[in-house]
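# Per-entry structural report
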Amino acid sequence: MKVVAAFLLAVLGRNTSPSAEDLKAILGSVGAEADDDKIEMLLSEVKGKDITELIATGREKLASVPSGGGGVAVAAPTPGGSGAGAEPAAEAKKEEKVEEKEESDDDMGFSLFD
């Protein structure tokens, strides 16, 4: 991602075909290491292509990827009441497990104010 970001910064700075040295300079300016293999791979993939077309193609591909973030599906209670008592108990167990995870993540061995 660092290499892609450096490439996009170079293009944004009106360098329509940045070289490996340009990307290394951008990455070096923020103290990031430049991986020559990744730089060469990116440059070979985008060589001769328009960046706006690449971004548009990428957006189309990402549109088909499920993004999650939807609400939790909750089963409706049955009118006969035959399984209504089991559902709340199962939900309570799930909630307890979630709370335990949160508690274990509260203190990660250091304090924000140390």
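Everything that follows concerns the structure shown earlier in this document.
Presented here is a report on the structure given in the accompanying data block. It should be emphasised that the depicted structure is a prediction, and the values quoted were computed from it without experimental measurement.

Reading the values: rules and limits
- Residues numbered from 1 in each chain as written.
- Predicted model: local features only at pLDDT ≥ 70, side-chain atom pairs only at ≥ 80, totals over all residues.
- Heavy atoms only, no water.
- Buried < 20%, exposed > 50% of the residue type's maximum accessible area, 1.4 Å probe, protein only.
- Helix = DSSP H or I, 4+ residues; strand = E, 2+ residues; numbered from the N terminus.
- Arc of directions from axis to C-beta.
- Axes fitted to C-alpha atoms, helices over the stretch in contact; angles between N-to-C directions.
- Parallel < 35°, antiparallel > 145°, perpendicular 65-115°, else oblique.
- Left-handed = near helix turned anticlockwise from the far one by under 90°.
- Contact = heavy atoms within 4.5 Å.
- Nonpolar A, V, L, I, M, F, W, Y, C, P; charged D, E, K, R; others polar.
- Core = buried A, V, L, I, M, F, W, Y, C linked by side-chain atoms within 4.5 Å.
- Patch = residues over 30% accessible without salt bridge, like charges linked within 9 Å, V, L, I, M, F, W, Y side chains within 5 Å.
- Areas by Shrake-Rupley, 256 points an atom, 1.4 Å probe, with all protein chains shown as cover.
- Salt bridge = Lys/Arg side-chain N within 4 Å of Asp/Glu carboxyl O.

### Structural notes on helix α2 (residues 20–29)
- Considered for burial, the residues of α2 that qualify are Ala 20, Leu 23 and Leu 27. Buried residues of α2, viewed axially, fall in a sector of 65°; they line one side. Seen from the buried face of α2, the exposed residues on the opposite side, beyond 90 degrees, are Glu 21, Ala 25 and Ser 29.
- Of the residues one or two after α2, Gly 31 is the one with positive phi, at around 80°.

### Description of the packing of helix α1 (residues 2–12) against helix α3 (residues 36–46)
- One way to put it is that α1 packs onto α3 with a least axis distance of 10 Å and a crossing angle of 50°. Taken together, the axes of α1 and α3 lie oblique to each other. Here α1 and α3 pass one another in a crossing that is right-handed. Contacts between α1 and α3 involve Val 3, Val 4 and Phe 7 on the former and, on the latter, Lys 38, Ile 39, Leu 42, Leu 43 and Val 46.
- Of the residues that constitute the contact of α1 with α3, the class distribution is seven nonpolar, no polar and one charged.

### Observations concerning the nonpolar core
- In terms of nonpolar packing, the biggest core is built from 13 residues, with Val 3, Phe 7, Leu 23, Leu 27, Ile 39, Leu 42 and Leu 43 touching the most fellow members.
- Contributing elements (two or more residues each) for this core: α1, α2 and α3.
- With five residues, α1 is the single largest residue contributor to this core.
- In contact with Phe 7, other than residues within four places in its own chain, are Pro 18, Leu 23, Leu 42, Leu 43, Val 46 and Ile 51.

### Quick look at the environment of Met 1
- With respect to the secondary-structure elements, Met 1 resides in the segment before α1.
- Put simply, Met 1 and Lys 38 are 37 residues apart on the chain and 9.6 Å apart in space, counted from C-alpha to C-alpha.

### A short note on a nonpolar patch on the surface
- Where nonpolar side chains cluster on the molecular surface, the patch consists of Val 4, Leu 8 and Ile 55 and spans about 210 Å² of accessible area.
- Tracing the sequence through the fold places Ile 55 in helix α4 (residues 51–63).
- Ile 55 gets classed as partly exposed once you look at its relative accessible area, which sits at 40%.

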